[in-house]
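# Examining the three-dimensional arrangement
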Amino acid sequence: LKNTPQESQAILSEGNKAAADLTYRGEVILNRNYGTDPAGSNMRGIAAFAEPEDMAGIQRALWERSAGAPPLVFVGRDYARWDEAQFLAHRAASAESAADGTLTLWVGRPIAITSEPFTLTLEADADQAVAVVGPGGEVAAAGLRSMVLTACHALAARGGSLVLLDGLGTAGWTAEVMSHAQDLGMETWVVERDHIAAWLRTELPGRLAERRASAPMLVLGLGLQRAREMDVSDDVDEDPFEASPTARDLLRRLATDGALAGVHLIGWWSTLRALEADLGPMLEGIAHVITADLGRDELRSIAGPTVQRVAGSPRLGVHSRDGEGALVTVVPFDPHGRTVGGSE
């Protein structure tokens, strides 16, 4: 049926965008060659009408005869379904592999025929920060929520902690992830906007000086462009060449070197300009940029002049800077679909 060009290629094959050109309700593309050879193997037609009640009965009968997993159902305008069994399996796997200092983060689900989530892996290495950028507040929150929830598993296994630098005064999903971290036995702190700069200046230098911390930390930064006194140094009337670093200096060090000391940074900035103001025009330290309704010009300055905006909603675009410059479309998990420790 009709889809976006990205979805058409995911379902059919690379370069086969025919489903994006469909016009009328019920129009379909049938491909007789496993999705390939669009010019010779695509057929355009109209789907036969089926009574919904009859189809529902057939589906029930087939499902009752099946012993496999539930069928994959993709609804183009919905968030991805959160799988509690997968989440528990991720927790167990993270606990077993936590010793190497890596974090595996769920971003959402890819537009592909798979039940596996789309993940990012942060290493105990330089330049491992994750930046979510764009004005799409709800979709950004959905991606941040799932990333932090899954990061907590490896952090908790090593006695780690979670710090929220809250420049937005948020509630809801952040309270949920902090509660989940506490349930896992992690220490948590919420640093409000007026105290973010002071926390960066007082708490980070010692942590960043450790070349491999025994207890890791995840710093979640929201709306850091609203923090005050980010360019103020603790030194007064001193030689500027000997001045201690400002909070913004330390934030950049956190992005570039923090993972070497077991301190990871995940943040959300509503505009590219705000992100560049905090981490520099080259986005130093950022391993992955996740876009949330980011404008075309800002997107192209990050991922290249030919990249196209993510189509559809809710969607995130994932650009890994050590890759080939592609922007991967990801469907975030439903931020309202479940409560950690509860049920859907």
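A brief report on the enclosed structure follows. (Residues numbered from 1 in each chain as written. Predicted model: local features only at pLDDT ≥ 70, side-chain atom pairs only at ≥ 80, totals over all residues. Heavy atoms only, no water.)

### Re the side chain of Thr174
Note the cut-off: Strands are runs of DSSP state E lasting at least 2 residues, helices are runs of H or I lasting at least 4, and numbering of each runs from the N terminus. Whether a residue is buried, partly exposed or exposed follows from its accessible area with a 1.4 Å probe, protein chains only, as a fraction of its type maximum: under 20%, in between, or over 50%, in that order.
Residue position: Thr174 is located in helix H6 (residues 173–183). Judged by its relative accessible area of 3%, Thr174 falls in the buried class.

### Things to note about empty space enclosed by the protein
Formally: Whether a set of points on the 1 Å grid over the protein atoms alone is a cavity depends on a 1.4 Å probe fitting there but being unable to get out, while an open set qualifies as a pocket with protein on both sides within 12 Å along at least five of seven lines; lining residues are those with an atom within 4 Å of a point. Grid points are joined across faces, edges and corners, and a volume is the space filled by probe spheres set on the points. Note on residue categories: nonpolar means Ala, Val, Leu, Ile, Met, Phe, Trp, Tyr, Cys or Pro, charged means Asp, Glu, Lys or Arg, and polar means any other residue, Gly included.
This structure, assessed with the given rule, holds one cavity of 30 Å³ or more. Lining the largest cavity are Ala98, Gly101, Thr102, Leu103, Ala154, Leu155, Arg158, Pro216 and His264. Residues that form the lining of the largest cavity fall into these classes: five nonpolar, three polar and one charged.

### Some points on helix H9 (residues 272–279)
Residues separated by three or four positions in an α-helix point in the same direction, a consequence of the helix having 3.6 residues per turn. Counted only if it meets this: It is the directions from the helix axis to the C-beta atoms whose arc is reported. Only heavy atoms matter for contacts: two residues are in contact if any of them lie within 4.5 Å across the pair.
For H9, the complete set of buried residues consists of Leu272, Ala274, Leu275, Asp278 and Leu279. All buried residues of H9 project into a common sector of 160° when viewed along the axis, lining one side. Buried residues along H9 sit against strand E5 (129–133), helix H8 (247–257), strand E9 (263–269), strand E10 (286–291) and helix H10 (296–303). Remark: Gly280 follows H9 within two positions and exhibits a positive phi of approximately 95°.

### What to know about a nonpolar patch on the surface
What counts, and what does not: For patch building, the residue pool is restricted to those with more than 30% relative accessible area and no salt bridge; the joining distance is 9 Å between like charges and 5 Å between nonpolar side chains (Val, Leu, Ile, Met, Phe, Trp, Tyr). Only the protein chains shown count as cover for residues, with accessible areas throughout obtained via the Shrake-Rupley method and a probe of 1.4 Å. The working definition used for a salt bridge is a side-chain nitrogen of Lys or Arg within 4 Å of a carboxyl oxygen of Asp or Glu.
On the surface, Met55, Ile58 and Leu62 cluster together into a nonpolar patch covering about 270 Å² of accessible area. Mapped onto the elements of the fold, Leu62 is located in helix H3 (residues 52–65). Among the residues examined, Leu62 registers a relative accessible area of 52% and is labelled exposed.

### A few points about the pattern of salt bridges
Enumeration over the complete set of coordinates arrives at nine salt bridges. Between Glu7 and Arg315 there is a salt bridge, and its shortest N-O distance comes to 2.7 Å. With Glu7 in helix H1 (residues 5–11) and Arg315 in the loop between H10 and strand E11 (316–320), this pair connects stretches of sequence that are 308 residues apart. Looking at Glu7, the relative accessible area reads 4%, which means it is buried. Under the relative-accessibility criterion, Arg315 is labelled buried at 4%. The partner of Asp297 in a salt bridge is Arg296, and the shortest N-O contact between them spans 3.6 Å. The exposure class of Arg296 is partly exposed, given its relative accessible area of 46%.

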